[in-house]
Amino acid sequence: MLLDVHDLSCARGGVPVLEHVSFALAAGEVLVLRGPNGSGKTTLLRTIAGLQPPLAGEIRAAPGAIAYAAHADGLKATLTVAENLAFWAGIYGTGDIAGALAAFALEGLADRPAQNLSAGQKRRLGLARLLVTGRPVWALDEPTVSLDAAAVEMFAEAVRTHVAAGGAALIATHIELGLAGLTLDVGQFRASAETRVSDFDEAFL
Ligand SMILES: Nc1ncnc2c1ncn2[C@@H]1O[C@H](COP(=O)(O)OP(=O)(O)OP(=O)(O)O)[C@@H](O)[C@H]1O
């Protein structure tokens, strides 16, 4: 298993959101997280990504296995598209950015500062960053926001290529991505208590 989540409970703002979540993700698998607004998909992904501690339960994954892409693209505004990817490739110790540029049709934008990209182009660059992490488990929160139909398909193809190469993906989304895989509705894990149980301060995460 690349990721094994066992009896996990997690909170947001100290208030329990989900409890007793268990699932596993093996190489080659895609798991789509579903659930209405506010049901806890982001909270679950943040906990799995290590941005906040679980209330209970276990998350088993190899150290450095998970690449997390949040709502924000996390781009360096004054660096160009190519410089952004090279920066992250350097952080993660991978080399080649050409494959990432090609996967999201960014070659023609390689020399443009990230701050001058459109919203969808920024999102494509944020997703291209996943390819230079070299990490096997992608944990993605609403990855297709701002993407047009062609870019959604680019993204889906990048996920297919990633899992075909032995990776795995956990994706919170409200849209149909056309990916073969399983679906997990987080609504079934809604926490029974809604009173504050933790003082963990997530303000700066
Ligand atoms: N910073 C925060 N502090 C306190 N509560 C929060 C915070 N962020 C989110 N929440 C609450 O936590 C609950 C779960 O939110 P979460 O973002 O995990 O849901 P979601 O399923 O990802 O929703 P969406 O589909 O709208 O993205 C919601 O009730 C939300 O209002």
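Look above for the structure.
Just so it is clear, the model here is predicted, and its values are computed rather than measured.

Student: Could you give me a rundown of the packing of helix α4 (residues 119-131) against helix α5 (residues 149-164), with the residues and numbers involved?
Tutor: Axis separation between α4 and α5 bottoms out at 11 Å; the angle between their running directions is 5°. Comparing their axes, α5 and α4 come out roughly parallel. Mapping the contact onto sequence places Gly 120, Arg 124, Leu 127 and Leu 131 in α4 and Ala 151, Phe 155 and Ala 158 in α5. Class assignment of the residues belonging to the contact of α4 with α5 gives a composition of 5 nonpolar, 1 polar and 1 charged.

Student: Quick rundown of helix α1 (residues 41-48)? Include the residues and the values.
Tutor: Counting buried positions over the 8 residues of α1 gives 7, a clear majority of the element. Of all the residues in α1, the buried ones are Lys 41, Thr 43, Leu 44, Leu 45, Arg 46, Thr 47 and Ile 48.

Student: Give me the nonpolar core: which residues, what numbers.
Tutor: Judged by nonpolar contacts, the single largest core of 57 residues is most densely connected at Ala 128, Val 137, Ala 139 and Ala 169. Contact partners of Ala 169, with chain neighbours within four places excluded, come to Val 30, Trp 138, Leu 140, Val 159, His 162 and Val 163.

Student: I'd like to hear about α4, residue by residue, with values.
Tutor: With 11 of 13 residues buried, α4 is to be regarded as a mostly interior element. By the burial criterion, the buried members of α4 are Gln 121, Lys 122, Arg 123, Arg 124, Leu 125, Gly 126, Leu 127, Ala 128, Arg 129, Leu 130 and Leu 131. Buried residues along α4 sit against β5 (66-69), α2 (81-92), α3 (98-103), β6 (137-141) and α5.

Conventions and cut-offs
Residues numbered from 1 in each chain as written. Predicted model: local features only at pLDDT ≥ 70, side-chain atom pairs only at ≥ 80, totals over all residues. Axes fitted to C-alpha atoms, helices over the stretch in contact; angles between N-to-C directions. Helix = DSSP H or I, 4+ residues; strand = E, 2+ residues; numbered from the N terminus. Parallel < 35°, antiparallel > 145°, perpendicular 65-115°, else oblique. Contact = placed C-beta atoms within 7 Å. Nonpolar A, V, L, I, M, F, W, Y, C, P; charged D, E, K, R; others polar. Buried ≥ 20, exposed ≤ 12 C-beta atoms within 10 Å, placed from the backbone. Core = buried A, V, L, I, M, F, W, Y, C linked by C-beta atoms within 7 Å.

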